[in-house]
Amino acid sequence: MEVFYKSTRSNCDPVTASQAILKGLSDDGGLFVPDHIPTLDKSLKELSVMNYREVAYEVMKLMLSDFTEEELKNCINSAYDDKFDTEEIAPLVETQGDYYLELFHGKTIAFKDMALSILPHLMITAAKKNHVENEIVILTATSGDTGKAALAGFADVKGTRIIVFYPKNGVSPIQEKQMLTQKGDNTFVVGIHGNFDDAQTGVKKIFSDKELAKEMEAKGFQFSSANSINIGRLVPQIVYYVYAYGKLLSEEQITEGEEINVVVPTGNFGNILAAFYAKQMGIPIHKLICASNDNKVLFDFLSTGTYDRNREFVLTTSPSMDILISSNLERLIYRIAGEDAAKNAACMQELSTDGKYTITDSMKAQLADFYGNYATEAETAERIHDLYMDCGYVLDTHTAVASAVARKYKKETGDTHKLLIASTASPFKFSRSVMDAIDPKYDALEDFALVDELSKVANVSIPNAIEEIRTAPIVHDHICDKTEMKDIVKKFLQL
Ligand SMILES: *Cc1c(COP(=O)(O)O)cnc(C)c1O
């Protein structure tokens, strides 16, 4: 049965997967959600002997059902190739009895590569299928990792341009350098005076600017998104949970059908929502453990039923999770509201006017699959330090938040299900915070000296993504106020 996508905010006509990918966001400002979630039509055993590309096809053929087999396989083969530094694409590492799913072996060494390697191919294919002649302008807000991964994916892709907004003082030095050295005539990078939420809100505003859309259309442009509000991001993220379960099974770490817990370091709620979808598709997952840093708006929401962004925005050592408005939570709210667009839209309206909303008890009861907790800066650093001392495995700061929360969860509940921890970035991307956690003496070193030291300490060779930027020239230097985002977009597009 074909899957159509409908908006979380009104009962407008459903669209196909390829149309949803092209549009990014629904016209009413809502997010596209599947009208049903299909179950996998291969057994767990069958899936367990497949490679990453084969699993990707099994998931995507169901969720992106208007793409042909040939189209999907072409996209998958172009995405998951030797851009990844391991044939496995997403290797599993066991340490201290937990399983770390390393999602950082792509071009930009963060998990965003898992979806952004394929999104440009899906987008171009979708444009062809729908006879779109316009040039597609990808507008993206980033808390640090999406930006580079999207730039790398779309650079020099014909028929596209990409504009990335990032918080000028809210990303790691390596993250910033990765973006500012991006080549490609169709790429634009802008630092804004503001935080990630400002960038994301600004981008969403530009998306729903009808006036601008008209001007764009007249000049042969249309917008789409590379953020996880785009289902073309979300669907490829389901794949690695299915793949990981199969891996655990084929390596006899679990028995067929055995439930596992999944721990996800969370910001915009995209990655954990993908795990939730994997569960709906038939992967035996017991709890979805949502790990936050000091911006613990999701922990508070899961414990009280009130989502409240009225609080101080904290800059942490896990900047990709420094988010107070978790966009993808809207998809879950819509679902627990009984797929009632009006009910969801009312919550989102309250969020926008009062900065908060409260769900009903019956909605809250449907969140039983989720567990939330958070790790402070000290707990995060301690986790990096302790795991390294114990077994020499070096976590990045985001994964360390997840790992620290996993320990809290086990202690609090005594639950003994096996734990799969989404390892979302290479420690090299956050070498200063990571090395500081291992030993404060490293603080005196400059950024690339730290990288060299980290390589020695972790006994891991320096990823290409880092070597590449060591001497690369800075080619982007735009900075603007958060109120000037629309103007700068118009300037880039010469509107
Ligand atoms: C984006 C990101 C996250 C948060 O993922 P969401 O899907 O936004 O919840 C966590 N860790 C890293 C390293 C990231 O880049």
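All of these numbers come straight from a predicted model, not from anything done at the bench.

(A) Highlighting unusual backbone geometry. Within the chain, His131 stands out as a residue other than glycine whose phi angle is a positive 55 degrees. Mapped onto the elements, His131 comes out in the loop between helix 6 (119–129) and strand 5 (135–141). Positioned with a positive phi, Asp156 is a non-glycine residue whose angle comes to about 60 degrees. Here Asp156 lies in the loop between helix 7 (145–154) and strand 6 (160–167). A relative accessible area of 57% places Asp156 in the exposed class.

(B) Representation of the packing of aromatic side chains. What the rule picks out here adds up to 15 aromatic pairs. Ring centres of Tyr52 and Tyr243 lie 5.1 Å apart, and the angle between their planes is 70 degrees; this geometry places the pair in the edge-to-face category. Placement of Tyr52 in helix 3 (residues 52–63) and of Tyr243 in helix 11 (residues 231–250) is noted, with a sequence separation of 191 residues between them. Classification of Tyr243 by relative accessible area gives buried; the value is 5%. Seen in terms of ring centroids, Phe299 and Tyr374 are 5.2 Å apart; in terms of plane orientation they differ by 45 degrees. Their pairing is tilted. Here Phe299 is found in helix 13 (residues 297–304), whereas its partner Tyr374 is found in strand 13 (residues 370–374), with 75 residues between them in sequence. Overall, Phe299 belongs to the partly exposed group, its relative accessible area being 21%. Look at Tyr374 and you get partly exposed, because its relative accessible area is 21%. Through pairs of rings, three or more aromatic residues link up here, namely Tyr52, Tyr80, Phe84 and Tyr243. The ring of Tyr57 carries Lys73 above its face, with NZ or CZ at 4.5 Å from the centroid. Sitting over the ring of Phe67, Lys129 keeps its end group 5.5 Å from the ring centre.

(C) Region of the structure containing the site of the ligand. Around the ligand sit 15 residues in total, of which Lys112, Asp145, Gly267, Asn268 and Asn271 are the nearest. Here Lys112 contributes a side-chain N or O atom positioned 2.6 Å from an oxygen atom of the ligand. In the environment of the ligand, an oxygen atom lies 3.2 Å from a nitrogen or oxygen atom belonging to the backbone of Gly270. In isolation the ligand exposes 380 Å². Once the protein is present, 98% of that is buried. Its residues placed into classes, the shell around the ligand shows 5 nonpolar, 8 polar and 2 charged.

(D) Focus on the environment of Pro38. For Pro38, the position within the fold is in the loop between strand 2 (32–34) and helix 2 (44–48). Judged by its relative accessible area of 10%, Pro38 falls in the buried class. Through-space distance from the C-alpha of Pro38 to that of Leu180 is 41 Å; in sequence the pair is 142 residues apart. Every residue in contact with Pro38, bar those within four places of it in the chain, is listed here: Val3, Leu62, Met63 and Met281.

(E) How the structure looks around the pattern of salt bridges. A full pass over the atoms with the stated rule returns 30 salt bridges. Glu379 is paired through a salt bridge with Lys408; the nearest N and O atoms lie 3.0 Å apart. Pair noted here: Glu379 is in helix 17 (residues 377–391) and Lys408 is in helix 18 (residues 397–413), with a separation of 29 residues, a long-range link. A relative accessible area of 27% places Glu379 in the partly exposed class. Across the salt bridge formed by Arg432 and Asp447, the nearest N and O atoms sit 3.1 Å from each other. A residue pair is termed long-range when its members are at least 10 positions apart, and Arg432 in helix 19 (residues 431–438) and Asp447 in helix 20 (residues 447–458) qualify at 15 residues. Look at Arg432 and you get partly exposed, because its relative accessible area is 27%.

(F) Representation of helix 7. Counting buried positions along helix 7 gives 9 out of 10 residues, so the element sits mostly inside the fold. Within helix 7, the full set of buried residues consists of Asp145, Thr146, Gly147, Lys148, Ala149, Ala150, Leu151, Ala152 and Phe154. Asp156 sits one or two positions beyond helix 7 and adopts a positive phi of about 60 degrees.

Conventions we followed
Position numbers for residues start from 1 in each chain and track the written sequence from start to end. Given that the model is predicted, a residue must reach a pLDDT of at least 70 before its local features are reported, and side-chain atom pairs must reach 80 or more before they are shown or counted; all residues, however, enter totals for whole chains, interfaces and linings. For the side-chain quantities, the full set of heavy atoms in the structure was used; hydrogens and water were omitted. Numbering of helices and strands starts at the N terminus; helices are DSSP runs of H or I of at least 4 residues and strands are runs of E of at least 2. For every residue, the accessible area obtained with a 1.4 Å probe (protein chains only) is divided by the maximum for its type, and the residue is called buried under 20%, exposed over 50%, and partly exposed between those limits. Side-chain rings of Phe, Tyr and Trp (the six-membered ring for Trp) are treated as a pair once their centres are within 6.5 Å; stacked means planes under 30 degrees apart, edge-to-face means over 60, and tilted covers the remaining angles. Either the NZ atom of lysine or the CZ atom of arginine qualifies as a charge over a ring when it sits within 6 Å of the ring centre and within 35 degrees of the ring normal. Distances are taken per atom, and a residue is near a molecule or strand as soon as one of its heavy atoms is within 4 Å of it. Residues adjacent in sequence count toward polar contacts only when both atoms are side-chain atoms; beyond that, a polar contact is any pair of N or O atoms within 3.5 Å, and within protein one must be able to donate a hydrogen and the other to accept it. Using a 1.4 Å probe, accessible areas were evaluated by the Shrake-Rupley method; residue-level cover was limited to the displayed protein chains. By the convention adopted, Pro, Cys, Tyr, Trp, Phe, Met, Ile, Leu, Val and Ala count as nonpolar, Lys, Arg, Asp and Glu as charged, and the other residues, Gly among them, as polar. Between two residues, a contact is recorded if the distance between any of their heavy atoms is within 4.5 Å. Any Lys or Arg side-chain nitrogen found within 4 Å of a carboxyl oxygen on Asp or Glu counts as a salt bridge.

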